[in-house]
Amino acid sequence: MHPTAPYLTHRTFAARLFQLASIFDVSVEMVFKQITSLVLQTSSWLQNQSPLRSAIQTSSHSFEWDNAAAHSHFVWHDCYDDFKCARLQVPMDWLGTSNERNKTVEIAVIKVEATVPVTDETYGGAVVLNPGGPGNSGISQVLKGGKAVRTILSAGPEANKSSEKHFDVIGFDPRGVNHSRPALTCFANENEATAWKIEQIANGLIGTSDTAYDRVWASQRAMAEGCSKRAAANGIAHHMATASVARDIVEIFERHGQWRDAEARRLLNLERPTGRERRNTLKRTAYVAGKEKVQYWGFSYGTILGATLAAMYPDRVHRVVLDAVADAHDYMRAGWTSNLFDTDQIADKLAKYCFEAGAEHCPLYDSRGPAAIMDKLPATMAKLAANPVAFEGNDLHGPAMVTIIELLQLISTVVYNPLRDFPRLYQALHELNQGESGTLRAFKTELIGPLEHSPSAHCATAGPFSPACITTAREIAGMGITCSDGTSRLNDTKETFREYAEEIMAQSTLIGSVWAQITLVCTAWHARPCWRYEGNFTAKTAHPLLFVGNTLDPVTPLRHAFMMAGGFEGAGVLQQNCEGHGTYASPSMCSGRALRRYFQTGRLPGSPGELADWAGHGALCEPDRRPFDGYEPGTMPALPHGEHDEALWEALVTLNQVWP
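Residues numbered from 1 in each chain as written. Predicted model: local features only at pLDDT ≥ 70, side-chain atom pairs only at ≥ 80, totals over all residues. Heavy atoms only, no water.

## Looking at the overall build of the protein chain
In terms of regular secondary structure, the protein chain is built from 23 helices and 13 strands. In the protein chain, which comprises 660 residues, the share counted as buried stands at 62%. Within the protein chain, residue pairs in contact and separated by at least 24 positions form 78% of the contacts whose partners lie at least 6 positions apart. A total of about 24800 Å² of accessible surface is found on the protein chain, and carbon and sulfur atoms cover 51% of it. (Helix = DSSP H or I, 4+ residues; strand = E, 2+ residues; numbered from the N terminus. Buried < 20%, exposed > 50% of the residue type's maximum accessible area, 1.4 Å probe, protein only. Contact = heavy atoms within 4.5 Å. Areas by Shrake-Rupley, 256 points an atom, 1.4 Å probe, with all protein chains shown as cover.)

If you want it as structure tokens, here you go:
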């Protein structure tokens, strides 16, 4: 589209939707994903139907992070019932060349302990996770799914008893994010954060009206101007780039090695083994400064972090899995231009699944076939674009309306996990066809969150913009990482960014407008990083990396896995033949075994002698469930036919239901 072409009004937008039957599109990994990811994690829609609650519910007990003193080594505290938590103090400026060279950062770290002590011969060390974003919380990720990850990666019933491994699982909040300190906060308090969410919904999305771009350009830049300048004054905004976070991960493993050594000595003093056993254990658990190996599983943006880590510290790599692989080259250029290649194809697949499932499982079923089902999608959306649905107030909420904006945001969230979440979207579309809006109205309420926040006494003492005053909007800190990593966009004008937005929107008619807004804040983000990785993503690592991608991923196309793997000598690729973002989008025993085998033995899928489901340069795994096949969120489906590892299956299903 020509950059000077007029933006769509609601009516012309509706007309375009009528014309395009294959535009049932995709998602956002940043701005709206960061806002809406927490919605589906905590929504009553999931939790209230959950006989699986005992398997997937996280601890109801909280942990006062600010009461945990930070140390330059690990001092673990019991937290959230049966987890371990610590604050690790690291330099704010690893290079020591900035005004912040004497400041420190306190990284919040959480651990699920291995099922064996460090003195056991089968203890395999720690595996660090990163959920992506950038800026998503690793604390939340491990609280929700850390135990399931431990089950997937640690030795199962088929393990070779002479070489089996059992792992700790560690998550952390990146510097500037969530429980780490200092935190990048853009709002004075919760009420201001909620007001911002409401304003963004009112502003609309680029391309959905003839005035939306003007409003979005002004409001996003106003927020970025103040937030970046305040964070720069505090120092943290200059030290949030991925290079510093990669170094933090190395430090986590260094300090874990130090802890492992001390813990082994403590246990040996209690166990009092023979002299030979003691010597062997001390040798096996000894900390060697500067030599600790990295074991890592990163998702989405976490693959950029992992690729940066592997490129900067190739000799540290022991086991590294990069799952839902992003184009790190494009990301570091501040592009975000190569993500939406495959998104439109997901709609066709979902229509096919809907038709195969029948009316019992898919409310949009049409006996005329998948094409007829597809015809309903743009028609329903166009109708909502032209005619928002209003609803009266009641005891719980005031009068309001749902618009095409809420529907696009719902799509941009649920497309990440079609197996789990698309029934909700299809139910929303079905209701709209019937003149109802209950599902979409509930989503809007969840998206905004509570409207009344009473400041705590701690907030009153700590003051505006303190972590005590803002607890639910910290995901916006991810913009500090995004704008730090990419080349500067401060010289972008309103017209040049409009041209960029047009290019992104051309890739994806529905969600391109959302995706195009991700880097808009960077046009007014004044804090530049003191350490930014500018090298190539090529290296010969100490052990080959494993890249993983789904056949149709909404925002990290499969081709990225093969492209990025090409830069790392000996790397392997695992393809999961499903739709969605990350392997957890569809439980697959085949993929679960492949990941376990890699962490247990280092063997890549597709290696000579592997099982028959591996072929070619990489490996191909089928999912065990498909959208609309009767899979019900909140329940544990039966173990697939022919499988016997119930613990692995439950862990895979759990991740599907509690992540992202």
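Text resumes after the structure shown.
## Some details on the state of the cysteines
A complete count under the given rule lists 5 disulfides for this structure. At a sulfur-sulfur separation of 2.0 Å, the disulfide partner of Cys-79 is Cys-85. The chirality of the disulfide connecting Cys-79 with Cys-85 is right-handed, given an S-S dihedral of about 80°. On the accessibility criterion, Cys-79 (3% relative accessible area) is buried. On the basis of relative accessibility, which here comes to 0%, the residue Cys-85 falls in the buried class. (Disulfide = S-S within 2.5 Å.)

## Some points on unusual backbone geometry
A cis amide bond, omega -5°, links Gly-133 with the succeeding residue Pro-134. Relative to the assigned elements, Pro-134 resides in the loop between β5 (123–130) and α5 (138–153). Pro-182 follows Arg-181 through a cis peptide bond whose omega is -5°. If you trace the backbone, Pro-182 turns up in the loop between β6 (166–172) and α6 (190–203).

## Some thoughts on the packing of aromatic side chains
In total, this model carries 21 aromatic pairs according to the counting rule given. Residues Phe-422 and Tyr-426 carry aromatic rings whose centres are separated by 5.9 Å and whose planes lie at 65° to one another, so their mutual orientation is edge-to-face. Here Phe-422 pairs with Tyr-426, and both are found in helix α15 (residues 418–433), just 4 residues apart, close to one helical turn. With respect to burial, Phe-422 and Tyr-426 carry one shared label: buried. With a centroid separation of 6.1 Å and an interplanar angle of 35°, the aromatic rings of Phe-547 and Phe-568 are classed as tilted. (Phe/Tyr/Trp six-rings, centres within 6.5 Å; stacked < 30°, edge-to-face > 60°.)

## A word on the pairing of strand β11 (residues 546–552)
Among the 7 residues in β11, 6 count as buried, and that is most of the element. Note that β11 and strand β12 (residues 572–579) share 6 bridges and pair parallel. Directly across from Leu-546, in β12, lies its bridge partner Gly-572. As a crossover connection, the stretch from β11 through helix α21 (residues 558–565) into β12 is right-handed. (Pairing = 2+ DSSP bridges. Right-handed = clockwise from strand over helix to strand, strands pointing away.)

## Points about the pattern of salt bridges
Evaluation of the coordinates by the stated rule reveals 29 salt bridges. The closest approach of N and O atoms between Arg-489 and Asp-492, which form a salt bridge, is 2.8 Å. For the pair shown, Arg-489 and Asp-492 are each scored as buried. Ionic pairing is found between Arg-593 and Glu-643, a salt bridge with its closest N-O pair at 3.1 Å. Note that Arg-593 is positioned in helix α22 (residues 589–601) and Glu-643 in the loop between β13 (619–621) and α23 (646–658), a separation of 50 residues in sequence. What makes Arg-593 partly exposed here is its relative accessible area of 22%. Judged by its relative accessible area of 23%, Glu-643 falls in the partly exposed class. The network of salt bridges with common partners includes Asp-214, Lys-494, Glu-495 and Arg-498. (Salt bridge = Lys/Arg side-chain N within 4 Å of Asp/Glu carboxyl O.)

## So, the pairing of β6
Among the 7 residues that make up β6, 7 are buried, leaving the element largely enclosed by the rest of the structure. Burial along β6 is two-sided: the face carrying His-166, Asp-168, Ile-170 and Phe-172 and the face carrying Phe-167, Val-169 and Gly-171 are both buried. Where strand β4 (residues 104–112) lies against β6, 4 bridges are found, and the strand directions are antiparallel. Each residue of the ladder has a partner; that of Val-109, found in β6, is Phe-172. In this sheet, β6 lies alongside β5 in parallel orientation, the contact comprising 4 bridges. Across the sheet, residue Val-128 finds its bridge partner in β6, namely Ile-170. For the crossover from β5 across α5 to β6, the handedness is right-handed.

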